[in-house]
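Notes for the structure review
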Amino acid sequence: MTVPAAGAADREVPDVFDPRGYADGLPHAAYRLLRDRCPVAWQEEHEVLGWPAGPGFWAVTRHEDVVRVLKDARTFSSHLGATQIRDPDPADLPFIRRMMLNQDPPDHGRLRRSVSRAFTPRQVDRFGTVVRERARGLLTAAVATARAGNGVGDLVTAVTDDFALLNLADLLGVPAAERELLLDWTRRVIGYQDPDESGPPASGPDGRPANPRSPAMLQDMFGFARELAAHKRRYPGDDVMTVLASDPELATSELEMFFFLLTIAGNDTVRSAAPGGLLALARHPDAYRRLRMGAVGTATAVEELLRWHPPVLSFRRTAAHDTELAGRPLRAGDKVVVFHGSANFDERVFTAPHRLDLARSANPHVSFGDGPHVCLGAHLARLQLRVLYEETCRLLPALAVAGPPRRLVSNFIHGLKSLPLRLVDVPAGE
C-alpha cells in the first residue's frame, strides 16, 4: 500500500489512534477537528505500549461516512483484513476469518441465522426475569455495603462487572464454578492494551507481544467451548450453547468461534455501556431526576446513554477496490477505521450533541454498528441496560460521583475500570 502524501489538512490532524488518548474519555476536540476539516484522515499507526508499528489507516469520523462504510460491505470488507486496527499475523488470518464478525455477505448470513435461532422468545422472556432479579440484588448489596462504610461504592466492581458476566453465563449455560473464566478471557482479549486488565503480555516467538486473538492464545477458551458443547449434548438446557451444540450445520470450528464471539462481545458490550450510562446520569442530576420521575421513558433514555457512551470506539474495514469517501481517494487494500464516538456527536446529525437529552427521539447512533454486521445481541444488551437503569432509579434517589472514574486504556473498547459513586449519605461520626 502506498502511504498518501500529506496535504496541509493532513499535517494538522490529531492522533486518534493512541490507546492512551482515551484514558480521559472521548477526545471530543480531536473528533470535532477531524469532522470539520478532514473527515477521512490519514493516521500513522506508530509503535505504542510495546506493540509494533503498522502501515497506517484512514480514520472516518462523520456520521454519514461511518454509516456508508458499515453498510457497504462490497467496498469496505470485514473479510480481507478482519476488523481490528492492528493487522493480524498473515498466518493467523485464515483462522480469524472463521469468525462471523470477520466475514462478508453472503458468507456470514448462514452463521448469523444459526445463532439467531438460539435466542428463542421463551429464552428471552426467562432471561428478562433473571436479569431484573440480578440487577436488584447487586444494587441492594452495593447500597448495604456503602451504608456500612463511607457511603461510597464502586459500581463497576460491585455491580456492573458481575451483572454483565452473570447474565452472559446464564445465557450461554456456563456452570457457576466456571464463570470467572469468562471475565478472564474478556480482559485478556479486550483489555490487552491496558496493563491493569491484561497483565504482563505474553511474548511470541519473535519476542514481540503475542496477539491475544491468535490461535495459540485462544486454545484454552476453545477447549472449554468443546467440553461445554459435549456436556450440553448429553445434558441439554434452556441456553444458547445447547442450541448451538445441537445444530447439525455448525462445524466444531464454527461453534468455537461463536463461543469466542458471544463470550467477548456479549460480555463487554454491557460491561462497558452500563457504567458509562450510570456515570452520565450521575453527572447530569436533572436528567436522572426526570428519569426517576417517569418524565422520560427508560427505553428512550437507553438510546441516548448509548449515544453518549458507545461501548465500542472503533471498527476496521479494508477497501476491496479503489474508491472514494468524502472526496478522498482510497486504494484497494487501505485500512479504513470508523470511529463510533465521533459519529455519535456529529453536529450534522444530532442537535446539540453535547447535551444529554434522555428524551431525544431521532437518535440514529451507531453504538451497535450498522449494516450487515449490526450487533447481533443488541436487543439483549438493551434489555439488560433498561432493567439496570430501572432498578437503579428504584433504589437510588440520587447519584453523585465520589471520585474520578478510571477508564480502560484502549482504542477499541470504551470501558470503565472503576466508578466510585456516593450511594448513601452517612451521618458524621458514623
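Here, every reference points to the structure presented above.
An account of the accompanying structure is given in this report. (Residues numbered from 1 in each chain as written. Predicted model: local features only at pLDDT ≥ 70, side-chain atom pairs only at ≥ 80, totals over all residues. Heavy atoms only, no water.)

So, the overall build of the chain
Looking only at helices and strands, one finds 16 helices and twelve strands in the chain. At 22 Å, the chain has a C-alpha radius of gyration in line with the 22 Å of a compact globule built from 430 residues. Going through the 430 residues of the chain one by one, you find that 57% of them count as buried. Looking at the chain alone, contacts between residues at least 24 apart form 75% of all its contacts between residues at least 6 apart. Summed over its atoms, the accessible surface of the chain is roughly 17700 Å², and 53% of this surface lies on carbon and sulfur atoms. (Helix = DSSP H or I, 4+ residues; strand = E, 2+ residues; numbered from the N terminus. Rg over C-alpha atoms; globule rule 2.2 N^0.38 Å. Buried < 20%, exposed > 50% of the residue type's maximum accessible area, 1.4 Å probe, protein only. Contact = heavy atoms within 4.5 Å. Areas by Shrake-Rupley, 256 points an atom, 1.4 Å probe, with all protein chains shown as cover.)

Quick look at helix H8 (residues 180-190)
All of the buried residues in H8 are Leu182, Leu183, Trp185, Thr186, Val189 and Ile190. Along the axis of H8, the buried positions cluster into a sector of 165°, meaning they face one direction only. Buried residues along H8 sit in contact with helix H7 (155-172), helix H10 (219-234) and helix H12 (252-283). (Arc of directions from axis to C-beta.)

Some details on the packing of aromatic side chains
According to the stated counting rule, one finds ten aromatic pairs in the structure shown. Where Trp185 meets Phe259, the ring centres are 6.2 Å apart and the plane angle is 80°; that geometry is what we call edge-to-face. Of the two residues, Trp185 is situated in helix H8 and Phe259 in helix H12; the sequence distance between them amounts to 74 residues. Here Trp185 matches Phe259 in class, with each residue buried. A connected cluster of aromatic rings, assembled from ring pairs, spans Phe17, Tyr31, Phe57 and Phe339. Taking the ring centre of Phe345 as reference, the NZ or CZ of Arg307 above it sits at 4.9 Å. (Phe/Tyr/Trp six-rings, centres within 6.5 Å; stacked < 30°, edge-to-face > 60°. Lys NZ or Arg CZ within 6 Å of the ring centre and 35° of its normal.)

Describing the environment of Asp170
With respect to the secondary-structure elements, Asp170 resides in helix H7. Judged by its relative accessible area of 18%, Asp170 falls in the buried class. Put simply, Asp170 and Gln193 are 23 residues apart on the chain and 28 Å apart in space, counted from C-alpha to C-alpha.

Overview of the sheet that holds strand S3 (residues 76-77)
One key point about sheets: their strands pair by backbone hydrogen bonds, in either a parallel or an antiparallel sense. Strands sit in the order S1-S2-S8-S5-S3 across an open sheet of five strands; the sheet is mixed. Only two strands of the sheet have a single partner each, and these edge strands are strand S1 (40-43) and S3. Where strand S5 (residues 314-319) meets strand S8 (residues 335-339), five bridges bridge the pair, whose relative direction is antiparallel. Residue pairing across strands places Phe315 opposite Val338, the latter belonging to S8. (Pairing = 2+ DSSP bridges.)

What about the packing of H12 against helix H13 (residues 285-293)?
The interhelical angle for the contact between H12 and H13, taken along N-to-C directions, is 105°, at an axis separation of 5 Å. Judged by the inter-axis angle, H12 sits roughly perpendicular to H13. Within the contact between the two elements, H12 uses Leu281, Ala282 and Arg283 and H13 uses Pro285, Tyr288 and Leu291. Along the lines of polarity and charge, the residues of the contact of H12 with H13 split into five nonpolar, no polar and one charged. (Axes fitted to C-alpha atoms, helices over the stretch in contact; angles between N-to-C directions. Parallel < 35°, antiparallel > 145°, perpendicular 65-115°, else oblique. Nonpolar A, V, L, I, M, F, W, Y, C, P; charged D, E, K, R; others polar.)

Quick look at the side chain of Asn344
Tracing the sequence through the fold places Asn344 in the loop between helix H15 (340-343) and helix H16 (378-395). With a relative accessible area of 0%, Asn344 lands in the buried category. Within the local environment of Asn344, its side chain forms a polar contact with the backbone nitrogen of Val366, the two atoms lying 2.9 Å apart. With residues up to four places along the chain from it excluded, the contact list for Asn344 reads Leu306, Arg307, Pro310, Phe350, His365, Val366 and Ser367. (Polar contact = N/O pair within 3.5 Å; in protein donor to acceptor, adjacent residues only side chain to side chain.)

A few points about the environment of Thr392
Looking at the element boundaries, Thr392 is found in helix H16. Residue classification places Thr392 among the buried residues on the basis of a relative accessible area of 0%. Residues Thr392 and Leu278, 114 residues apart in the sequence, show an inter-C-alpha distance of 8.8 Å. Apart from residues lying up to four places away in sequence, Thr392 is in contact with Leu139, Leu278, Tyr288 and Leu399.

Some words on the pattern of salt bridges
In this structure the tally under the stated criterion is 29 salt bridges. Arg35 is paired through a salt bridge with Glu347; the nearest N and O atoms lie 3.1 Å apart. With Arg35 in helix H2 (residues 28-37) and Glu347 in the loop between H15 and H16, the pair connects residues that are 312 residues apart, well separated along the chain. In this structure Arg35 comes out as buried when scored by relative accessible area, which is 1%. (Salt bridge = Lys/Arg side-chain N within 4 Å of Asp/Glu carboxyl O.)

Things to note about the pairing of S1
Judged by which residues are buried, S1 turns out to be covered on both faces: Val40 and Trp42 on one side and Ala41 and Gln43 on the other are all buried. Pairing of S1 with strand S2 (residues 57-60), which is carried by four bridges, proceeds in the antiparallel orientation. Counterpart to Gln43 in the pairing with S2 is Phe57.

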